[in-house]
Amino acid sequence: MNNIYKDIDRVVDLLEKEIIEFRRDFHKYAEVGWTEFRTSSKITEYLEKMGLEVKLGGEILNKESMMGVPSEEELKKHMQRALEQGAVKKYTEKMYGGLTGVVGILDTKIQGPTTAFRFDIDANDGIENNSLDHRPKKEGFLSVNSGAMHACGHDGHAAIGLTVAKVLKSMESKLCGKFVFIFQPAEEGARGAYSIVKSGLLDEVDYFLSGHIGFAANKLGQIVCNTDGFLSTTKFDVSFKGKSSHAGASPQNGKNALLGAASAALNLHTLCQHEEGATRINVGVLNAGTGRNVVPEYAEMKLETRGETDSLNQYVTSRAIDIIKGAAMMHGLEYKVKVVGRAQRGKSDKELSKIIEEQAKNIGEVDEIVEYAKLTGSEDATYMMNKVQENGGKAVYLMFGTKKAADHHNSSFDFDEGVLKIATKVYVLSAIKINERGRI
Ligand SMILES: [Zn+2]
Ligand SMILES: [Zn+2]
């Protein structure tokens, strides 16, 4: 058994340069949710070259369940840009309508468990720090795509995923069962995982592993083996429609959408109390009005709710909708609510965490194992975890420590790339152990 640890250690160390190259390439050509045409195309290319079966587009996404998809026009623009930046047409052709993401399958054809890994691949909306003390700028891999930057580390996740797939593929003759590598689009805003679950891809998975670099793990060599505390969340866009009118000559004929939306925003922020646990609400965007002397006809609001449990989130969501309705009535407005993202509460299985803990101890670079930590944000991998657990499988969410240049989602975000090979080793060794247990 000792040999296995040494072998994996050596193989992954040799791949370190390549993992970093993958990460920097994805970083440079950052693409936000549902527009990851180039990223998905590159991943597909690598997976095919490795000899994996690859699924794309409608094979991995249920179109009706995709949330928060940009407009046709936006998608076209991004597709065009991706092609100019090296995306491969025969792959992007399967992604029309924003059907990005890729799944690679390694089927050993020998009876055994199915283990799925999920790596998210999307960038954030935002403009990357362009100053020379920001390493991506200094070392030439700053995002070239204006308005998109990898500020959460998903560029690293995609690189880790490709390397895990490569190492497991190289050991195929020693393995059994099936390995499914999910490269998920649109995690930001909790938009993508649900449609992958709805495609049926997780229906026969016995073990599920996912994770994140950073967050509660902020030191290189630190591994969190059991993550919990994800907040259940709903993201929605609200539009208000009133009636414009001359603000001086005939204000009484107007219906003020700006006031309706503003009144809703103020009242929504009074909602966060429940005896059963934590809840959150945030109105993050409010746009309204067209001119100083015009009664505003339209207003647009982007907000999110969260809760420690699915029912707490449901409570805040339904109260929020009551408030929006009330504010609209007060000002004689019409309103529309559109859900553009959702994630559930999730729990890691202790039994599976233990296996990972045992394996992580054998990795030289791992010097601190944290049994349990909370990720008090939201993650749509929870849909996948819950699906696998509902069917009797086990799921786990890990965190891989790394030193960060700034917080997640900050324009100066960057991380110590040493985490890439450590995370790869953790996934590969855990997969091997799980596989051994499943061998019949
Ligand atoms: Zn994020
Ligand atoms: Zn993230």
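The structure we're discussing is the one just above.
Bear in mind that the values here come from a model prediction, so they are computed numbers and not experimental data.

## Overview of the nonpolar core
Link 1 in the chain: Core analysis: the biggest nonpolar cluster contains 69 residues, and Leu47, Phe117, Leu168 and Phe181 have the highest contact counts within it.
Link 2 in the chain: If near-sequence neighbours (up to four positions away) are discounted, Phe117 is found in contact with Val164, Leu168, Phe179, Val180, Phe181, Ile182, Leu209, Tyr427 and Ala431.
Link 3 in the chain: The next biggest cluster of nonpolar side chains, apart from the first, holds 34 residues, and it includes Val103, Leu201, Phe230 and Leu375.

## Quick notes on the pairing of strand β16 (residues 394–400)
Link 1 in the chain: When you tally the buried positions in β16, you get six out of seven residues, the bulk of the element.
Link 2 in the chain: Relative to β16, strand β7 (residues 207–213) is paired through seven bridges, and the arrangement is parallel. Note on β16: the bridge partner recorded for Ile213 is Phe400.
Link 3 in the chain: Judged from the two bridges that link them, strand β8 (residues 222–224) and β16 form a sheet pairing that is antiparallel.

## So, the sheet that holds strand β12 (residues 298–307)
Link 1 in the chain: One open sheet holds the four strands; their spatial order is β11-β12-β10-β13, and the pairing between them is antiparallel. Looking at the sheet topology across the chains shown, the edges are occupied by β11 (279–288) and β13 (334–343). On average, adjacent strands in this sheet sit at an angle of 15° to one another, irrespective of strand direction.
Link 2 in the chain: Judged from the nine bridges that link them, strand β10 (residues 232–241) and β13 form a sheet pairing that is antiparallel. Paired with Lys241 across the bridge in β13 is Glu334.
Link 3 in the chain: Against the sheet, helix α10 (residues 310–330) engages β10, β11, β12 and β13, with an angle of about 10° to β10.

## Examining the coordination of the zinc ion (ligand 2)
Link 1 in the chain: Binding of the zinc ion (ligand 2) to the protein goes through Cys152 (SG), His154 (NE2) and His212 (NE2), at separations of 2.1 to 2.4 Å.
Link 2 in the chain: Counting gaps between the donor residues of the zinc ion (ligand 2) yields the pattern C-x1-H-x57-H.
Link 3 in the chain: Here the zinc ion (ligand 2) and the zinc ion (ligand 1) are spaced 3.2 Å apart, with Cys152 acting as a shared donor. Note that Cys152 is positioned in the loop between β5 (148–149) and α7 (154–170) and His212 in strand β7, a separation of 60 residues in sequence. Side by side, Cys152 and His212 carry an identical accessibility label, which is buried.

## Quick look at the sheet that holds strand β1 (residues 53–56)
Link 1 in the chain: In spatial order, the strands read β1-β2-β6-β3-β7-β16-β8-β14; together these eight strands make up an open sheet with mixed pairing. Two strands in the sheet have a free side with no partner beyond their single neighbour: β1 and β14 (368–370). Averaged over all pairs of adjacent strands, the angle between strand axes in this sheet comes to 20°, irrespective of strand direction.
Link 2 in the chain: Taken together, the four bridges between β1 and strand β2 (residues 102–107) define a ladder with antiparallel strand orientation. When the sheet's bridge partners are listed, Lys55 is paired in β2 with Val103.
Link 3 in the chain: Along the sheet, helix α3 (residues 37–50) contacts β1, β2 and β6 (178–184); its crossing angle with β2, the most-contacted strand, is approximately 15°.

## Here we look at the packing of aromatic side chains
Aromatic ring pairs are described here by two measures, namely the spacing of the ring centres and the angle between the planes.
Link 1 in the chain: What the rule picks out here adds up to ten aromatic pairs.
Link 2 in the chain: When the centroid spacing of 5.9 Å and the interplanar angle of 85° are considered together, the rings of Phe117 and Tyr427 count as edge-to-face. Of this pair, Phe117 sits in strand β3 (residues 114–120) while Tyr427 sits in helix α13 (residues 418–438), and the two are 310 residues apart along the sequence. This pair shows no difference in class: Phe117 is buried, exactly as Tyr427 is.
Link 3 in the chain: Residues Tyr194 and Tyr383 carry aromatic rings whose centres are separated by 4.9 Å and whose planes lie at 50° to one another, so their mutual orientation is tilted. Placement of Tyr194 in helix α8 (residues 193–198) and of Tyr383 in helix α12 (residues 381–390) is noted, with a sequence separation of 189 residues between them. Across the pair, exposure class does not vary: Tyr194 and Tyr383 are buried alike.
Link 4 in the chain: The rings of Phe117, Phe119, Phe181, Phe183, Phe400 and Tyr427 are connected pair by pair, giving a single aromatic cluster.
Link 5 in the chain: Between the NZ or CZ atom of Arg23 and the centre of the ring of Phe415, over which it lies, the distance is 4.1 Å.

The rules behind the values
- Residues numbered from 1 in each chain as written.
- Chains lettered and ligands numbered in written order.
- Predicted model: local features only at pLDDT ≥ 70, side-chain atom pairs only at ≥ 80, totals over all residues.
- Heavy atoms only, no water.
- Core = buried A, V, L, I, M, F, W, Y, C linked by side-chain atoms within 4.5 Å.
- Buried < 20%, exposed > 50% of the residue type's maximum accessible area, 1.4 Å probe, protein only.
- Contact = heavy atoms within 4.5 Å.
- Helix = DSSP H or I, 4+ residues; strand = E, 2+ residues; numbered from the N terminus.
- Pairing = 2+ DSSP bridges.
- Axes fitted to C-alpha atoms, helices over the stretch in contact; angles between N-to-C directions.
- Donors = N, O, S within 2.8 Å, 3.2 Å for Na, K, Ca; no water.
- Phe/Tyr/Trp six-rings, centres within 6.5 Å; stacked < 30°, edge-to-face > 60°.
- Lys NZ or Arg CZ within 6 Å of the ring centre and 35° of its normal.

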